[in-house]
Structure formats: C-alpha cells, structure tokens
Amino acid sequence: MKPALQTRRLLRKFGGFVATNDLSLSVEQGARHALIGPNGAGKTTLINLLTGFLEADAGAVILNGDDVTHLAQHQRVKRGLVRTFQINKLFADMSALESVTLAVCERMGWGWNWWRPVGDHQAAVDEAADLLRSLGLREVLNQPTRSLAYGKQRLIEIALALAARPTVLLLDEPAAGVPASESRELFETIAQLPRSVTILLIEHDMDLVFRFADRISVLVNGALLAEDKPELIAVDKRVREVYLGVSLDG
Ligand code: ADP
Ligand code: MG
C-alpha cells in the first residue's frame, strides 16, 4: 500500500536559516502518527509545507502516491489533505451546526450561498449533524460556538476539517489552550475517528502523545532524529538526550 503522506528530501530556509532540513518522512495509511520535537524544531513549518501554506525550496510532498508539491492549498484540500484552523469570528458567532453545515456546503462546491433547493440544503444539515454527533457534540449542536468549553470548540474545529472529507488530517497542537481536565477527553474522541482518516499530529504533551500514537517521528533542527513505535522511541537514547528531564512513558 502507498503511504498516505510522504515528504522526500524536503527543504525550507528562512533567509540563511534552515527550518526544514532534507526531511524524508512517511505516514502510513490509517496511522496515528505523532510528530514531536523541541520548540523551534520545525514542526509547524513542516505542516505549512504539507498544506501548501509555505512553498518548499526543494524536495517533494507526496499524497497517496501523487506529487502535490506544486498544488495550491485548496487543491490539496480537495485531494484529501486537510488541517484544522482555529475558529474565526464568523464561526464563533454561529452555532456548531450552522458552521459545519457551511463547511459541508463548501466541500460540495456550493460556496457560501444559501440559494440551493431546500432538499439539497437539508442533506448538508443532516451530514453536519451526523458529524457533530459522532464527535460527541449532540448536546451543543445549536449553541453558539463562542459559548462552549475550549475542548468542545477544538472538536468543532476538527468537525469543520472533517466536513472536507479528508484522507489525511493534520492536527497542530489540538489541545493548545484547552484545560488539562478537557484534553484527555478531546484526545479520546480524536482517537476514535475512523481509520479511513490518517492522522498526523503535533503535540507537546508526551502523556497524550504516547497514549494516542502508533508511530512517532522526532524532529530536531528541521531534521528527523528518530522514527519508530512509541515503545522504542521512549527508550531511544538520542531522543532521551533531547528530552532530558521529561518523562517519556509508553
Ligand atoms: P516548532 O513548530 O517546531 O516549534 P517552527 O516550525 O514554528 O517550530 O519554527 C522552526 C524555526 O523556523 C524556528 O527557529 C522559527 O523561528 C523559524 N521560523 C518559522 N517560521 C518563520 C518565518 N516565517 N520566518 C523566519 N523564521 C521562521
Ligand atoms: Mg509549532
């Protein structure tokens, strides 16, 4: 089987500074793959290169076997490579159901106009409601997003991404800003997403990473230091040196 997502010798510089250094990474179909590394290791830069928000100086991004290196962001989304974005002001004022319905309409190519036959629109509403229920948000469908706990807001951001029907979902610190009391539940919900969605996750909380991931890549100075199963990463001497003083338990 082709990997869901690959980079081949990816390079990105900011001026003279090498942020992504000849990086070759492979994410298997259906994986729960975590990308870890100290601050400034180049994790977010890599996500930006994968989505096309940033252009690479050299190397390639391969999605399900196809070279997407030179595709625009929206073209990559259409092919199934989707990241979450923080809920903006517009979405914050709408209900979860309205927001996700709009995202479904967007995927269907209806843009932001509501001038659709009622039946079409109902199908989008039903799909959005199903998606939100599958993420445990049944109770808050009609509440303004702004009024919800942060953990629930992050789930709505994930629902917005899922509305695009991704084959590969990129999550850059989904628990950022979420109180510890909610982050465990947030991750349990993410872990229950169908395996038809491959997940590449960036997360600094090692406890969450080791619970979630079946594969871990360690990035240091824009390059891959190690990649393996969690139980082997946890005992890797080079990784332990980077994370000196942090407990890595599998
Ligand atoms: P991480 O997400 O692993 O913390 P980043 O990808 O955000 O790391 O950053 C990697 C390095 O690249 C950092 O040293 C950062 O300062 C630098 N960097 C990131 N984006 C830019 C930019 N737009 N311009 C200049 N330097 C940048
Ligand atoms: Mg980052």
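This is a predicted model, so every value here is computed, not measured. (Residues numbered from 1 in each chain as written. Chains lettered and ligands numbered in written order. Predicted model: local features only at pLDDT ≥ 70, side-chain atom pairs only at ≥ 80, totals over all residues. Heavy atoms only, no water.)

Q: I would appreciate a short explanation of the overall build of the protein chain in the present structure.
A: The helix and strand inventory of the protein chain stands at ten helices and ten strands. Over its C-alpha trace the protein chain gives a radius of gyration of 19 Å, about what one expects of a compact globule, namely 18 Å for 250 residues. With respect to the principal axes defined by its C-alpha atoms, the protein chain has extents near 60 × 40 × 35 Å. Each of the 250 residues in the protein chain was classed as buried or not, and the buried ones make up 50%. Taking the intrachain contacts of the protein chain between residues at least 6 apart in sequence as the baseline, contacts between residues at least 24 apart amount to 64%. If you sum the accessible surface of the protein chain, you get close to 12300 Å²; carbon and sulfur atoms cover 51% of it. The average position of the 28 basic charges and that of the 30 acidic charges among the side chains of the protein chain differ by 3 Å. (Helix = DSSP H or I, 4+ residues; strand = E, 2+ residues; numbered from the N terminus. Rg over C-alpha atoms; globule rule 2.2 N^0.38 Å. Buried < 20%, exposed > 50% of the residue type's maximum accessible area, 1.4 Å probe, protein only. Contact = heavy atoms within 4.5 Å. Areas by Shrake-Rupley, 256 points an atom, 1.4 Å probe, with all protein chains shown as cover. Lys, Arg positive; Asp, Glu negative; His and termini not counted. Charge placed at Lys NZ, Arg CZ, Asp CG, Glu CD.)

Q: It is not clear to me how the pairing of strand β10 (residues 223-228) should be interpreted in this structure. Could you clarify?
A: Successive residues of a regular strand alternate their side chains across the two faces of the sheet. Sheet analysis places strand β9 (residues 215-220) next to β10, joined by five bridges and oriented antiparallel. Directly across from Val-220, in β10, lies its bridge partner Ala-223. With antiparallel pairing between neighbouring strands as the criterion, β9 and β10 make up a hairpin whose turn holds two residues, including Asn-221 at a positive phi of roughly 50°. (Pairing = 2+ DSSP bridges.)

Q: Got a minute to help me understand helix α1 (residues 43-51) in this structure?
A: For an α-helix the count is 3.6 residues per turn, leaving residues at separations of three or four pointing the same way. For α1, a buried count of eight out of nine residues is recorded, marking the element as mostly surrounded by other parts of the structure. Just downstream of α1, Gly-52 is the residue with a positive phi angle, here 95°.

Q: When you look at the sheet that holds strand β1 (residues 5-14) in this model, what are you seeing that I'm missing?
A: Within a beta sheet, neighbouring strands are joined by backbone hydrogen bonds and run either parallel or antiparallel to one another. A sheet is described by the order of its strands in space; here four strands give the open sequence β2-β1-β4-β5, paired in antiparallel fashion. Strands at the two margins of the open sheet, each flanked by one partner only, are β2 (17-27) and β5 (66-67). Pairing analysis gives two bridges linking strand β4 (residues 58-63) to β5, with the strands arranged antiparallel. Looking across to β5, one finds that Leu-63 is bridged to Asp-66. This element, α1, spans β1, β2 and β4 of the sheet and lies at about 115° to β1. (Axes fitted to C-alpha atoms, helices over the stretch in contact; angles between N-to-C directions.)

Q: It is not clear to me how the sheet that holds strand β7 (residues 168-172) should be interpreted in this structure. Could you clarify?
A: Taken in spatial order, the six strands of this open sheet run β6-β7-β8-β3-β9-β10, and their pairing is mixed. The outermost strands of the open sheet, each flanked by one partner alone, are β6 (81-83) and β10. Between one strand axis and the next, the sheet turns by 20° as a mean value, whatever way the strands run. Packed on one face of the sheet, helix α6 (residues 150-162) meets β6 and β7 and runs near 150° to β7.

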